[in-house]
Amino acid sequence: MCILKRNSRKGKTKKKTLFNEMLSNKQVVLKNYIQGCPKESDFELRTTLLGTEIPHNGSKNAVLLKILYLACDPYVCHLLRPRAKSLFVFSPVVPGSVVRGYGVAKVIKSNYDELKEGDYVWGITGWENYSWNFDPEKLLTKIHNNYTQLPLSYYAGILGMPGIAAYVGWNEICSPKRGETVYVSSAAGGVGHLVGQFAKMMGCCVVGSASTYEKVDLLKTKLGFDDAFNYKEGDLRSNLKRYFPKGIDIYFDNVGGQMLEEVLLQMNIHGRIAVSGSISQYNLIGPSEGVRNMFSLIEKRLTMRGFVELDHKPIIPKYIDWVVKMLAEKKLIYIEDASVGLESAASAFVGIFRGCNIGKQIVVVAKD
C-alpha cells in the first residue's frame, strides 16, 4: 500500500540511444484460454529476443517501450477467452500470445512525432519487459512533467484508467446530490475505494461492501466510509435492509449478478445505478446469469447505465488537475497493492478474483 510518495524522476541521467540492438525480453504469455476462474497455470513465462530497429511494416508511428508498471484489471478476463471480437480498445488475446492491458512505460525509441526518447506514457502495453506499439495515437497517453512529485505507478491506477472510471462514473453517470445515500460494491478495490471518497467529498452518506473484515475495517477507519459490511457474511437482502433502512439513492456497481438483483429491490424512486464492472460474471462458464427484479427500473423510475472511460477523454485533463490537488491536500487516500516482477504477474492477476488485493493491484516490472 502507499498513500503519496515521491519518485526519482528529477535526477538527470545520460541518454543511451539504441542502435538496432537485440533485447532480452521476458513475457507473460496466455497458455490456454481461460475457462471459469483464471488460474496461474493458464499463463507461462518465456524469454525471447526483441529487435530495436523500427520494423518495416508500413507503420509511420512505431514506438518502442520499456515497461515499468502493469495494472491488473478484472476486465482483462474478457480478452483471454475465445470470442470473435471485442468492444474494448484492443482485440482478444489468443493462446501463445503476450497478455495485454494497461501499463506505464518509458519511450526508448520512436518515429512518432508526438513522442520522443525519454518520454513517459500510460496506455495499452504488453505484459513484458519491452513492447513495440504501432498505434500510439490511439493506445498511449503522454505523461507530462507537471506532477513530478507523484509516482509513475499512479498512472496504472488513480491517474490512469481506474481513477478516470471512478471519476466519470461518479460525476457523469451518478449525477449525485448532497445528502444522498450511496452504496459502493467491491468498495476496497481500485475503483471502489476512490468512488466512496468522492461521494464523501460531496456530502453523501456512503456504505461499502467488501470480501474480508480487514477491508471492511479499512473502509470505515481509513477511507471515511460511513459504514461497511462483509458481503460474504449473512443474508445479502437482510444486510442491505439493515445498512440502508431508508433505501439507496445511488448504487455504484462493480459486481453485477445477485448483488445487482438485490440492490434493485432497495433502490429509491429516481435512483441511479452506474454499472462500472460485473466481476461476479466474468468467470462463469457458459452464458452470463440473467438479472431478475428488472421491473424495479420501471416501478421506481430508475436510471441504470454502463460506461467506459474511453468515451470521456476530454474530461481527463480536468480530472488529473483535480485529483492531484486532492492528493496534495491530503483530502484523498490512494491505496496501491504492488507485486514485484513479471514472475508475479499471473498470481497477482488471479488474486484479484479471490479478493487478495486491497486497493489497486499493480505489478512492478522495472524501476526507471
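Shown above is the structure to which this text applies.
Residues numbered from 1 in each chain as written. Predicted model: local features only at pLDDT ≥ 70, side-chain atom pairs only at ≥ 80, totals over all residues. Heavy atoms only, no water.

Caption draft 1: Expanded view of a negative patch on the surface. On the surface, Asp113, Glu114, Asp135 and Glu137 cluster together to form a negatively charged patch. Its place among the elements puts Asp135 in the loop between β6 (130-133) and α1 (136-139). A relative accessible area of 33% means that Asp135 is categorised as partly exposed. (Patch = residues over 30% accessible without salt bridge, like charges linked within 9 Å, V, L, I, M, F, W, Y side chains within 5 Å. Areas by Shrake-Rupley, 256 points an atom, 1.4 Å probe, with all protein chains shown as cover. Salt bridge = Lys/Arg side-chain N within 4 Å of Asp/Glu carboxyl O. Lys, Arg positive; Asp, Glu negative; His and termini not counted. Charge placed at Lys NZ, Arg CZ, Asp CG, Glu CD. Helix = DSSP H or I, 4+ residues; strand = E, 2+ residues; numbered from the N terminus. Buried < 20%, exposed > 50% of the residue type's maximum accessible area, 1.4 Å probe, protein only.)

Caption draft 2: Representation of the packing of helix α2 (residues 161-173) against helix α3 (residues 192-201). Between α2 and α3, whose axes approach to 9 Å, the crossing angle comes to 40°. With respect to α3, the axis of α2 lies oblique. The two elements α2 and α3 meet at a crossing, and its hand is right-handed. Contact residues: Gly163, Ala166, Tyr167 and Trp170 in α2; Leu194, Val195, Phe198 and Ala199 in α3. Broken down by class, the residue content of the contact of α2 with α3 amounts to seven nonpolar, one polar and no charged. (Axes fitted to C-alpha atoms, helices over the stretch in contact; angles between N-to-C directions. Parallel < 35°, antiparallel > 145°, perpendicular 65-115°, else oblique. Left-handed = near helix turned anticlockwise from the far one by under 90°. Contact = heavy atoms within 4.5 Å. Nonpolar A, V, L, I, M, F, W, Y, C, P; charged D, E, K, R; others polar.)

Caption draft 3: Just the sheet that holds strand β12 (residues 267-275), in detail. Taken together, the six strands give an open sheet; going across it, the order is β10-β9-β8-β11-β12-β13, and neighbouring strands pair in parallel fashion. Strands with a single pairing partner mark the edges of an open sheet, and in this sheet they are β10 (227-230) and β13 (303-306). Along the sheet, successive strands turn relative to each other by an average axial angle of 15°, direction set aside. Sheet strands touched by α3: β8 (181-184), β9 (205-210) and β11 (248-253). Its angle to β8, the strand with the most contacts, is close to 170°. Contacts from helix α5 (residues 236-243) reach β8, β9 and β10 within the one sheet, and its direction differs from that of β10 by about 170°. (Pairing = 2+ DSSP bridges.)

Caption draft 4: Quick peek at the packing of aromatic side chains. According to the stated counting rule, one finds 16 aromatic pairs in the structure shown. Judged by centre distance (5.1 Å) and plane angle (15°), the ring pair of Tyr183 and Tyr251 falls under stacked. Separated by 68 residues along the polypeptide, Tyr183 in strand β8 and Tyr251 in strand β11 bring together distant segments of the chain. Residue classification places Tyr251 among the buried residues on the basis of a relative accessible area of 0%. One aromatic cluster is present, formed by Tyr183, Phe229, Tyr243, Phe244 and Tyr251 through successive ring pairs. (Phe/Tyr/Trp six-rings, centres within 6.5 Å; stacked < 30°, edge-to-face > 60°.)

Caption draft 5: Local environment of the nonpolar core. Ranked by size, the top nonpolar core spans 98 residues in total, and within it Phe43, Leu80, Ile158, Leu159, Trp170 and Phe349 carry the most contacts. It is α2 that provides the largest number of residues to this core, a total of eight residues. Those residues in contact with Phe43 that lie beyond four places of it in its chain are Val28, Val29, Leu30, Lys31, Ile34, Leu80, Val99, Ala346, Phe349 and Val350. Membership of the second largest hydrophobic core comes to 17 residues, among which are Val255, Met259, Met267 and Leu302. (Core = buried A, V, L, I, M, F, W, Y, C linked by side-chain atoms within 4.5 Å.)

Caption draft 6: Representation of empty space enclosed by the protein within the structure. Under the defined criterion, the tally for this structure stands at one cavity of 30 Å³ or more. Approximately 120 Å³ is the volume attributed to the largest cavity. Taken together, 14 residues line the largest cavity, and the ones lying closest to its centre are Tyr102, Trp122, Thr141, Leu310 and Lys313. Element by element, the count of residues in the lining of the largest cavity is highest for strand β5 (residues 120-126), at three residues. Grouping the constituent residues of the lining of the largest cavity by class yields nine nonpolar, two polar and three charged. (1 Å grid on protein atoms, 1.4 Å probe; cavity = no way out; pocket = protein on both sides within 12 Å on 5 of 7 lines; lining within 4 Å. Points joined across faces, edges and corners; volume = space filled by probe spheres on them.)

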